[in-house]
Amino acid sequence: MEKVKKKVIFSGIQPSGCLTLGNYIGALKNWIKLQDEYNCCFSVVDLHSLTVRQDPKELRRRCMDFLVQYIACGLDPEKNLLFFQSHVSTHAELAWILNCYTYMGELSRMTQFKDKSAKHEDNINSGLFTYPVLMASDILLYQTDLVPVGSDQKQHLEIARDIALRFNHIYGETFTVPEGYIPEVGARIMSLQEPTKKMSKSDDNENAFIALLDSPDVIRRKVKRAVTDSDNEIRFAEGKDGINNLLSIYSSLSGKNMQQTEEHFADKGYGQLKEEVAEVVVESLRPIQEKYKQMMNDKDYVQQIYTASAEKALSISSRTLKKVYKKVGFVPKN
Ligand code: TYM
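Residues numbered from 1 in each chain as written. Predicted model: local features only at pLDDT ≥ 70, side-chain atom pairs only at ≥ 80, totals over all residues. Heavy atoms only, no water.

**Overview of the site of the ligand**
The full set close to the ligand counts 26 residues, and Y131, D138, G150, D152 and I189 are the nearest of them. One of the backbone nitrogen or oxygen atoms of G150 is found 2.8 Å away from an oxygen atom of the ligand. One nitrogen or oxygen atom from the side chain of Q153 is found 3.0 Å from a nitrogen atom belonging to the ligand. Secondary structure elements with two or more residues in the shell around the ligand: β1 (8–13), α1 (21–34) and α7 (126–140). By residue class, the composition of the shell around the ligand is 12 nonpolar, 10 polar and four charged. (Near = heavy atom within 4 Å. Polar contact = N/O pair within 3.5 Å; in protein donor to acceptor, adjacent residues only side chain to side chain. Helix = DSSP H or I, 4+ residues; strand = E, 2+ residues; numbered from the N terminus. Nonpolar A, V, L, I, M, F, W, Y, C, P; charged D, E, K, R; others polar.)

Structure below.
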């Protein structure tokens with residue numbers, strides 16, 4: 001029987017702040033679900049994180065921490081490529097080329113750019129502006145079919161598709177045009193303190209997010225303090241942002257769909273809802289935290305993983321870069 005080639009996934013997370021429940025539910029959980037079906041590249045996208053000032057020592061520590069948490073969450077290092085973006089030079093190289101095929105107008109419409117430049121008024125650097133082009137390069141280098149992300153990345157994904165189509169139109173088939181994979185429930189987990197805002201790993205208020213490594217007590221306390229509303233009715237409805245968020249977290253982690261989740265809480269109060277949400281979070285994160293502790297004692301193994309993965313990633317992505325260099329008209333090296 002003819003062997004069908006597996007399709008390709010690329011996704012990544014910026015090592016800023018700490019990994020949150022939003023990252024887990026919106027992205028990581030799906031990476032784990034899809035890892036058997038696809039050839040996957042999952043990167044700690046460290047180049048991206050420089051768009052905001054970082055403390056070098058802290059960044060180095062965090063990058064390692066993220067990679068270890070990828071594995072602890074259940075990504076199998078034997079099946080997936082798990083690497084740091086800065087170890088694979090093709091990402092930055094393709095980004096330069098694609099910058100020349102991306103318009104200022106389209107980049108200035110990016111909401112993440114608008115949000116981040118408002119938040120970091122003193123450092124509106126050009127990396128922040130061209131960030132989506134680097135993200136497009138990450139994706140297009142591996143001829144990616146599917147990009148599992150939360151809904152906040154939709155616009156970036158759209159521009160990656162536009163760049164791929166534009167390049168293909170000028171030079172002929174070069175890049176696979178990727179599709180997004182966004183979960184039905186949990187694509188946008190909200191802040192526990194301001195549930196109209198997304199849960200963000202760089203939120204100054206620690207009570208606004210749950211970190212994957214938060215202890216059970218901290219998780220229970222944060223969920224207990226989560227902002228809800230005053231009508232004491234547990235249902236998923238417009239305007240009930242705090243409750244919708246807790247229901248989404250419960251639904252995503254318990255495996256019950258939203259209707260089953262609403263039925264489950266039909267005759268219960270907010271106190272009970274919070275208790276059960278906290279417990280499902282604690283129990284979902286427990287095995288991750290245990291594995292994390294184990295892996296942190298085995299740094300040599302982790303190093304082997306990211307070194308070997310980066311080597312393979314370089315070899316795969318170099319094929320695309322070579323093709324691009326040829327198409328745009330550079331003189332071949334050999
Ligand atoms: P980042 O680092 O902000 O987030 C990483 C992933 O987590 C998802 N996510 C969420 N999902 C649900 N609810 C939330 N509150 C929440 N917060 C974050 C994000 O949608 C994302 O999937 N630009 C990207 C990183 C990136 C990338 C890539 C992603 C760089 N290159 C190539 C995919 C493919 C980012 O800043 O994600």
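Next comes the rest of the description.
**So, the side chain of N123**
Residue position: N123 is located in the loop between α6 (111–119) and α7. N123 sits in the buried class, given a relative accessible area of 13%. In this structure, N123 is in contact with T51, V52, R53 and L128, ignoring residues within four places of it in sequence. (Buried < 20%, exposed > 50% of the residue type's maximum accessible area, 1.4 Å probe, protein only. Contact = heavy atoms within 4.5 Å.)

**Thoughts on the pairing of β1**
Of all the six residues making up β1, five are buried; the element is thus mostly covered by neighbouring parts of the structure. One ladder, built from six bridges, connects β1 with strand β2 (residues 39–44); its direction is parallel. Looking at the pairing, G12 lines up with S43 of β2. For the crossover that starts at β1, traverses α1 and ends in the parallel β2, the hand is right-handed. (Pairing = 2+ DSSP bridges. Right-handed = clockwise from strand over helix to strand, strands pointing away.)

**A short note on unusual backbone geometry**
One non-glycine residue, Q143, lies in the positive phi region at around 50 degrees. On the secondary structure map, Q143 appears in the loop between α7 and β4 (146–148). Phi angles above zero are rare outside glycine, and N232 is one such case at about 50 degrees. Mapping N232 onto the fold places it in the loop between α9 (216–224) and α10 (241–254).

**With respect to the packing of α10 against helix α12 (residues 270–296)**
Where α10 meets α12, the closest approach of the two axes is 9 Å, and the angle between their N-to-C directions is 40 degrees. As judged from the angle between their axes, α10 and α12 are oblique. Crossing hand, α10 versus α12: left-handed. Listed contacts from α12 to I243, L246, L247, I249, Y250, L253 and S254 of α10 are Y270, L273, K274, E276, V277, V280, V281 and S284. Split into classes, the residues belonging to the contact of α10 with α12 amount to 11 nonpolar, two polar and two charged. (Axes fitted to C-alpha atoms, helices over the stretch in contact; angles between N-to-C directions. Parallel < 35°, antiparallel > 145°, perpendicular 65-115°, else oblique. Left-handed = near helix turned anticlockwise from the far one by under 90°.)

**A closer look at the environment of A313**
Looking at the secondary structure, you find A313 in helix α13 (residues 299–328). Residues A313 and Y142, spaced 171 residues apart in sequence, show a C-alpha to C-alpha distance of 8.2 Å. Non-local contacts of A313, meaning those with residues more than four positions away in its chain, are made with L81, F83, V88 and Y142.

**Overview of the nonpolar core**
Formed by 61 residues in total, the largest nonpolar core has its most connected members in L28 and V281. In terms of residue count, α12 provides more of this core than any other element does, 11 residues in total. Inspection of this core shows a minimum of three residues originating in each of domain 1 (8–182 + 299–328) and domain 2 (206–294). In contact with V281, other than residues within four places in its own chain, are L21, I210, I219, I249 and L253. L81, Y101, L107 and A164 belong to the second-largest nonpolar core, a separate cluster that totals 35 residues. (Core = buried A, V, L, I, M, F, W, Y, C linked by side-chain atoms within 4.5 Å. Domains from an automatic or database assignment.)

**What about the pairing of β2?**
Burial within β2 is extensive, with five of its six residues counted as buried. Inspection of the sheet shows β2 paired to strand β3 (residues 81–84) by four bridges, in the parallel sense. Paired with S43 across the bridge in β3 is F83.

**Some thoughts on the domain arrangement of the protein chain**
The domains assigned to the protein chain are domain 1 (8–182 + 299–328) and domain 2 (206–294). Centre-to-centre, using C-alpha coordinates, domain 1 lies 29 Å away from domain 2. Taken residue by residue, the interface counts 14 residues in domain 1 and 12 residues in domain 2. Summed over both sides, the interface between domain 1 and domain 2 buries roughly 1200 Å², with carbon and sulfur atoms accounting for 74% of that surface. On the domain 1 side of the interface with domain 2, the three residues burying the most area are L21, I25 and A72, jointly 39% of the side's total. (Buried area = accessible area lost by both parts, 1.4 Å probe.)

**As for helix α4 (residues 90–99)**
Two residues of an α-helix separated by three or four positions point the same way, owing to the 3.6 residues in each turn. Three or more residues of α4 are buried, namely T90, H91, L94, A95, I97 and L98. In a view along the axis of α4, the buried residues occupy a sector of 165 degrees, so they form one face of it. (Arc of directions from axis to C-beta.)

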